[in-house]
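So the chains spell out like this:
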Amino acid sequence: MPPIIEASHLGKTYRSGKLEVPALRDVTFAVEPGEFVSIVGPSGSGKSTLFYVLGGLTSPTAGTLTIRGQDFSRLSDAERTKLRRAHIGFVFQRFNLLPTISAADNIELAHEIADTGRPLDRALLDHLSELLGIKGRLDHRPNELSGGEQQRVAIARALITKPAIVLADEPTGNLDTQNSDAVLEMLRVSSRELGQTVLMITHNPEAAMIADR
Ligand code: ADP
């Protein structure tokens, strides 16, 4: 199978006025479908920038990025958004749940926005809630949940659309050990059992060890 993600000589330089900040320089790698890869580096090394570029949230200033055989840079903004919504699930360090609606509604809304053309997979929602230990918490709003529970809801939200690719940026950054372990285990399940390609950004070498590479 061809790689699902191919980054070739990617670069990203931020410009503000006369100031140029090179955040990524000559980044080349490939990821196979179903692989779980962690991207490790100290703060300021460009991890988040890479995450935004891979997710199509910002454009690289050099090189090419091919996702599922499609050259991201050749797509229009609308096409890129469509590809992102249909095929990429995001998990952030800050859980970014909508505060005014329940956990279940947060998850369902993500499915609606993804506009996959498929109905919500109730069995998958059940399965994910079970695995993540949030079944009894689905009617609660984010402010009634602990940080760990919120992140587990955020993972269910990312996986409910059955994305081919899961991008996680420091998903355990705000969590205690027990919740970190649950989140990492779920990412492993996502790769091993659900066949998803997982890229996890972390500055924590221990968290990184759980990945295939
Ligand atoms: P990491 O996630 O590894 O901490 P980042 O990708 O956030 O690294 O940052 C890489 C470099 O790019 C840093 O020097 C940072 O200051 C700079 N940077 C990040 N975002 C911006 C931005 N929007 N404008 C200018 N410089 C930025």
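Further up the page is the structure itself.
Residues numbered from 1 in each chain as written. Predicted model: local features only at pLDDT ≥ 70, side-chain atom pairs only at ≥ 80, totals over all residues. Heavy atoms only, no water.

1. Focus: the overall build of the protein chain
And then number 1: What the protein chain contains, in helices and strands, is seven helices and eight strands.
And then number 2: For the protein chain, whose C-alpha radius of gyration is 17 Å, the value lies close to the compact-globule estimate of 17 Å for 213 residues.
And then number 3: Along the three orthogonal principal directions, the C-alpha set of the protein chain runs to about 50 × 40 × 35 Å.
And then number 4: Pairs at least 24 residues apart make up 71% of the contacts formed inside the protein chain by residues separated by at least 6 positions. (Helix = DSSP H or I, 4+ residues; strand = E, 2+ residues; numbered from the N terminus. Rg over C-alpha atoms; globule rule 2.2 N^0.38 Å. Contact = heavy atoms within 4.5 Å.)

2. With respect to the nonpolar core
And then number 1: One finds Leu 128, Ile 155, Leu 187 and Met 200 to be the most contacted residues of the largest nonpolar core, which totals 35 residues.
And then number 2: If you tally residues by element for this core, the top one is helix 5 (residues 147-159), at six residues.
And then number 3: Residues contacting Leu 128, with those up to four places away along its chain left out, are Ala 156, Leu 159, Ile 160, Met 186 and Leu 194.
And then number 4: With 25 residues, the next largest nonpolar core counts Ala 7, Leu 10, Leu 75 and Ile 201 among its residues. (Core = buried A, V, L, I, M, F, W, Y, C linked by side-chain atoms within 4.5 Å. Buried < 20%, exposed > 50% of the residue type's maximum accessible area, 1.4 Å probe, protein only.)

3. Some details on the site of the ligand
And then number 1: Around the ligand, the structure places Tyr 14, Val 21, Ala 23, Pro 42, Ser 43, Gly 44, Ser 45, Gly 46, Lys 47, Ser 48 and Thr 49.
And then number 2: Here an oxygen atom of the ligand and a backbone polar atom of Gly 46 are 3.0 Å apart.
And then number 3: Burial of the ligand by the surrounding chains reaches 59%, relative to a free accessible area of 560 Å².
And then number 4: Contributions of two or more residues to the shell around the ligand are made by strand 2 (19-31) and helix 1 (47-54). (Near = heavy atom within 4 Å. Polar contact = N/O pair within 3.5 Å; in protein donor to acceptor, adjacent residues only side chain to side chain. Areas by Shrake-Rupley, 256 points an atom, 1.4 Å probe, with all protein chains shown as cover.)

4. Quick look at the packing of helix 4 (residues 122-132) against helix 5
And then number 1: Put simply, helix 4 and helix 5 touch, their axes get as near as 10 Å, and they point 150° apart. As judged from the angle between their axes, helix 4 and helix 5 are roughly antiparallel. Between helix 4 and helix 5 lies a crossing of right-handed hand. Along the contact surface, helix 4 presents Leu 124, Leu 128 and Leu 132, while helix 5 presents Arg 152, Ile 155, Ala 156 and Leu 159.
And then number 2: Partitioned by chemical class, the residues of the contact of helix 4 with helix 5 number six nonpolar, no polar and one charged. (Axes fitted to C-alpha atoms, helices over the stretch in contact; angles between N-to-C directions. Parallel < 35°, antiparallel > 145°, perpendicular 65-115°, else oblique. Left-handed = near helix turned anticlockwise from the far one by under 90°. Nonpolar A, V, L, I, M, F, W, Y, C, P; charged D, E, K, R; others polar.)

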